[in-house]
Amino acid sequence: MVDEIKIQKIALRLQEPEYFIDQFLLRGTYALIVTVPFDTRMVVVPQNPVPGFQFFADADPSNFIWNSRIQVPVDGQYRFLIRLDRPILEGEMQVQFILIAAVPPAPSPPATPPWPPVGSAQQIWDNPYYQAIIRRLHPLWVAEENQRIRVTQGPGWYVDPWGRALNPPNLTASGPPDGIGGGDAPMWCWFNLAGFQEWIIRNGP
């Protein structure tokens, strides 16, 4: 990638020829090469550096060529001042910004899955986004069920993490239920209790 700019206007400041170059640069590393038609004391100075911008010294021993590296941290419009010891009366100045190494843009964050979720119960469970929601809301659902059962069945009743109604004087649930997610209460509730799935959809993000 080579962008060439030919200077057609001369701006004088303090009786010294000064040339301003405006160039849009992408994030990355460039070689800035300036060539003039005669030997001169050439100086190139960035005018609007941003944090992280690096401008290295001239690496070419010739008096009519400037060759330095530029490290550009962000895409943007940049201005450079090129100062010579006398104006260009014949010929032309050539300015090149040569991209050596581009920095690829940061990947976009993954899109948030739609809500309510779509797909089978298994597909929804396998989605890490939905699974995190289910696991986060599961304790809230258990707490809500506990409040409800104490109203309908009495203060001694409660709901365990698998959604089973228990009465302390007559406990019948001795272990996790059999079936999908038997050892994982949120998974078991998701695959075996349609009411829990409906509650998740109503109370999700």
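Going by the structure above, here's the rest.
Residues numbered from 1 in each chain as written. Predicted model: local features only at pLDDT ≥ 70, side-chain atom pairs only at ≥ 80, totals over all residues. Heavy atoms only, no water.

For the rest of this paragraph, the subject is the overall build of the protein chain. Broken down by element type, the protein chain carries 4 helices and 11 strands. Scaling as 2.2 N^0.38, a compact globule of 205 residues should have a C-alpha radius of gyration of about 17 Å, whereas the protein chain reaches 35 Å, well beyond that. Relative to its full complement of 205 residues, the protein chain shows a buried share of 32%. Here the analysis covers contacts within the protein chain between residues at least 6 apart in sequence; of these, 64% occur between residues at least 24 apart. In the structure as shown, the protein chain presents an accessible area of about 12,300 Å², 55% of it carried by carbon and sulfur atoms. (Helix = DSSP H or I, 4+ residues; strand = E, 2+ residues; numbered from the N terminus. Rg over C-alpha atoms; globule rule 2.2 N^0.38 Å. Buried < 20%, exposed > 50% of the residue type's maximum accessible area, 1.4 Å probe, protein only. Contact = heavy atoms within 4.5 Å. Areas by Shrake-Rupley, 256 points an atom, 1.4 Å probe, with all protein chains shown as cover.)

In this structure the tally under the stated criterion is 8 salt bridges. With a shortest N-O distance of 2.9 Å, D22 and R79 are connected by a salt bridge. Highlighted residues: D22 in strand β3 (residues 16-25) and R79 in strand β8 (residues 76-83), separated in sequence by 57 residues. Between E145 and R148 there is a salt bridge, with its nearest N and O atoms 2.3 Å apart. With a gap of 3 residues between them, E145 and R148 both fall in helix α2 (residues 128-152), about one helical turn apart. Taking the relative accessible area as the measure of exposure, R148 reaches 40% and is therefore partly exposed. (Salt bridge = Lys/Arg side-chain N within 4 Å of Asp/Glu carboxyl O.)

What follows deals with the packing of α2 against helix α3 (residues 185-192). As a packed pair, α2 and α3 sit with axes 10 Å apart at the nearest point and diverge in direction by 85 degrees. Comparing their axes, α3 and α2 come out roughly perpendicular. Packed against α2, whose contacting residues are I134, R135, H138 and W141, the element α3 presents A185, P186, C189 and W190 at the interface. Taken together, the residues of the contact of α2 with α3 sort by class into 6 nonpolar, 1 polar and 1 charged. (Axes fitted to C-alpha atoms, helices over the stretch in contact; angles between N-to-C directions. Parallel < 35°, antiparallel > 145°, perpendicular 65-115°, else oblique. Nonpolar A, V, L, I, M, F, W, Y, C, P; charged D, E, K, R; others polar.)

This next bit is on the packing of aromatic side chains. Here the structure, examined in full by the defined rule, presents 9 aromatic pairs. With centroids separated by 6.1 Å and ring planes inclined at 35 degrees, the aromatic side chains of F55 and F80 adopt a geometry described as tilted. A residue pair is termed long-range when its members are at least 10 positions apart, and F55 in strand β6 (residues 54-55) and F80 in strand β8 qualify at 25 residues. Each ring, one from F80 and one from F97, has its centre 5.5 Å from the other, and the planes form 45 degrees; the classification is tilted. With F80 in strand β8 and F97 in strand β9 (residues 94-102), this residue pair connects regions lying 17 residues apart in the sequence. (Phe/Tyr/Trp six-rings, centres within 6.5 Å; stacked < 30°, edge-to-face > 60°.)

Their axes nearest at 5 Å, the elements α3 and helix α4 (residues 194-203) cross at an angle of 100 degrees. It follows that α3 is roughly perpendicular to α4 by the angle criterion. Two secondary-structure elements touch here, α3 through P186, C189, W190, F191 and N192 and α4 through A194, F196, Q197 and I200. The class makeup of the residues in the contact of α3 with α4 is 7 nonpolar, 2 polar and no charged.

Below, the discussion takes up unusual backbone geometry. The omega angle of the peptide bond from W115 to P116 is 5 degrees, so this bond is cis rather than trans. Looking at where P116 falls in the secondary structure, it is placed in the loop between β9 and α1 (121-126).

What follows covers the environment of M42. Position of M42 among the secondary structure elements: in the loop between β4 (28-35) and β5 (43-46). In this structure the C-alpha to C-alpha distance between M42 and N63, which are 21 residues apart in sequence, comes to 7.2 Å. Discounting residues that sit within four places of it in the chain, M42 has contacts with V34, V36, N63, F64, I65, W66, I82, R83 and L84.

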